[in-house]
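A structural walkthrough
Single-letter residue listing:
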Amino acid sequence: MPDLPPPSLRLRLDKDALANNWRTLDSMSGTASAGAAVKADAYGLGANEVVPVLRKAGVRDFFVAHWSEAPDVLRHVPPAQVAVLHGPVRPDDAAFANAAGITPVINSLGQAKRWADAGGGRCHLMVDTGINRLGVPLAEIHDPAIAALQIDLLMSHLASADEESALNARQLERFRSACAAVPARRRSLANSAGIALGPDFAFDLTRPGLALYGGVPRDEFAGSVRQVAFPQAAVIQVRELAAGDTVGYNATFTARKAMRAGIVSLGYADGFLRCRGAGGVLRCGEARLPLLGKVSMDMIVVDLADAPEVQEGDWLEIPFDLAATAEISGLSQYELLTTLGRRFRP
Ligand SMILES: *Cc1c(COP(=O)(O)O)cnc(C)c1O
């Protein structure tokens, strides 16, 4: 096959901003050091690009969710520094962790036994302090299967660190009681938002994800966390609309006068869902190009009135200030990142 022509979607990663965000979070973590959550292909930005930058910046603890996500990280990081959050759910997972030298996160007594059956060794332990997602309930932490583990990191996960909630203090208290009961080399409670809750929440290691990638889960990060991802889409056709012409699926926009419109190669599969259509804009430098009609599968149509110089093949910027875009679309900052489609990847 001949070489592919250049794509019509692209993602610029500001690697300096990424490294800078990690250093900011690491320093906000005080005496604790910051690791990095790189699950879901580094929140949609591409583990192959993101992980080497973070490793060079100084990250020594990487977290993925699925076993299938480990190989991309292992290309850049020694296996002992890679942990799989979902843990050894099946015997095959435990055997894989053992053979690869990856650190499993143990989330239940069943997983603890499965890890021991596979030969055991160094692991992390997740305890549940109130999120009721994964983690060993506090009532079970005295079980002999837990006592038999060789625990590097004792961890728990906050449910509501991005808001002022009484649950934060309750989870902190419960985590402290787990720390008193379970011997471990290091302790970790805070995600991105948890870092802003102060030194009591930092322990030995923090585990930011969202804020590394430019997310602002709490006001404390505004101004210090920088935008990392800058998605762009190409204009694949310029059309002259006449008064009365309608645009896109269900013809929800009607041109009131003759106007110039750009067809842009961007749609649902690229994470550009219909909730980003109404009232949305793309940008060309300083010019704002309002969307016309609905996002229509793989295409959107924008008004080129404020950018008469735009031609077919030109690149437009997709606004991706995560806090602002979340506000407008009703999607969470996590969803905006993780739904960026594969077409943005080189
Ligand atoms: C995803 C995840 C994180 C990172 O959370 P952010 O809110 O993205 O900072 C940390 N710890 C665990 C266990 C996670 O699942």
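Residues numbered from 1 in each chain as written. Predicted model: local features only at pLDDT ≥ 70, side-chain atom pairs only at ≥ 80, totals over all residues. Heavy atoms only, no water.

Per an unreviewed UniProt entry, the protein chain goes by Alanine racemase and derives from Pelagerythrobacter rhizovicinus. In its Pathway (unreviewed entry) section, UniProt records this for the protein chain: "Amino-acid biosynthesis; D-alanine biosynthesis; D-alanine from L-alanine: step 1/1." Check the Sequence similarities (unreviewed entry) section of the UniProt entry for the protein chain; it says "Belongs to the alanine racemase family." (UniProt positions renumbered as here; feature names shortened; annotations may be inferred.)

**Topic: the UniProt feature "active site" (unreviewed entry) in the protein chain**
The sites that carry the UniProt feature "active site" (unreviewed entry) are, in the present numbering, Lys39 and Tyr249. A stretch of 211 residues holds the annotated residues, and the largest C-alpha distance among them is 34.9 Å, long enough that they do not meet in one place. Looking at the element boundaries, Lys39 is found in helix H2 (residues 39-43). When sequence neighbours within four positions are dropped, the list of residues in contact with Lys39 reads Phe63, Val64, Ala65, Glu69 and Leu85. Within the element layout of this structure, Tyr249 appears in the loop between strand S13 (246-247) and strand S14 (253-254). On the basis of relative accessibility, which here comes to 43%, the residue Tyr249 falls in the partly exposed class. Not counting chain neighbours up to four residues away, the residues in contact with Tyr249 comprise Tyr268, Arg274, Lys294, Ser296 and Met297. (Helix = DSSP H or I, 4+ residues; strand = E, 2+ residues; numbered from the N terminus. Contact = heavy atoms within 4.5 Å. Buried < 20%, exposed > 50% of the residue type's maximum accessible area, 1.4 Å probe, protein only.)

**Here's the deal with the site of the ligand**
By nearness alone, 14 residues border the ligand, and Lys39, Tyr43, Ser192, Leu210 and Tyr334 come closest of all. Between the ligand and Tyr43, the relevant distance is 2.6 Å, taken from an oxygen atom to a side-chain nitrogen or oxygen of the residue. The separation between an oxygen atom of the ligand and a polar side-chain atom of Arg133 is 3.2 Å. Within the shell around the ligand, the residues separate by chemical class into 7 nonpolar, 4 polar and 3 charged. (Near = heavy atom within 4 Å. Polar contact = N/O pair within 3.5 Å; in protein donor to acceptor, adjacent residues only side chain to side chain. Nonpolar A, V, L, I, M, F, W, Y, C, P; charged D, E, K, R; others polar.)

**Some points on the environment of Val82**
Here Val82 lies in strand S5 (residues 82-84). Separated by 11 residues in the primary sequence, Val82 and Pro71 have C-alpha atoms spaced 9.8 Å apart. Those residues in contact with Val82 that sit more than four places away from it in its chain are Phe62, Val73, Leu74, Val77, Ile102 and Thr103.

**Quick look at the environment of Gln171**
Take Gln171: it is sitting in helix H8 (residues 166-181). Residue class for Gln171 comes out buried when judged on its relative accessible area of 0%. In sequence terms Gln171 and Ile131 are 40 residues apart; their C-alpha atoms lie 8.7 Å from each other. The residues contacting Gln171, other than those within four sequence positions of it, are Thr129, Gly130, Ile131, His157, Leu158, Ala159 and Ser160.

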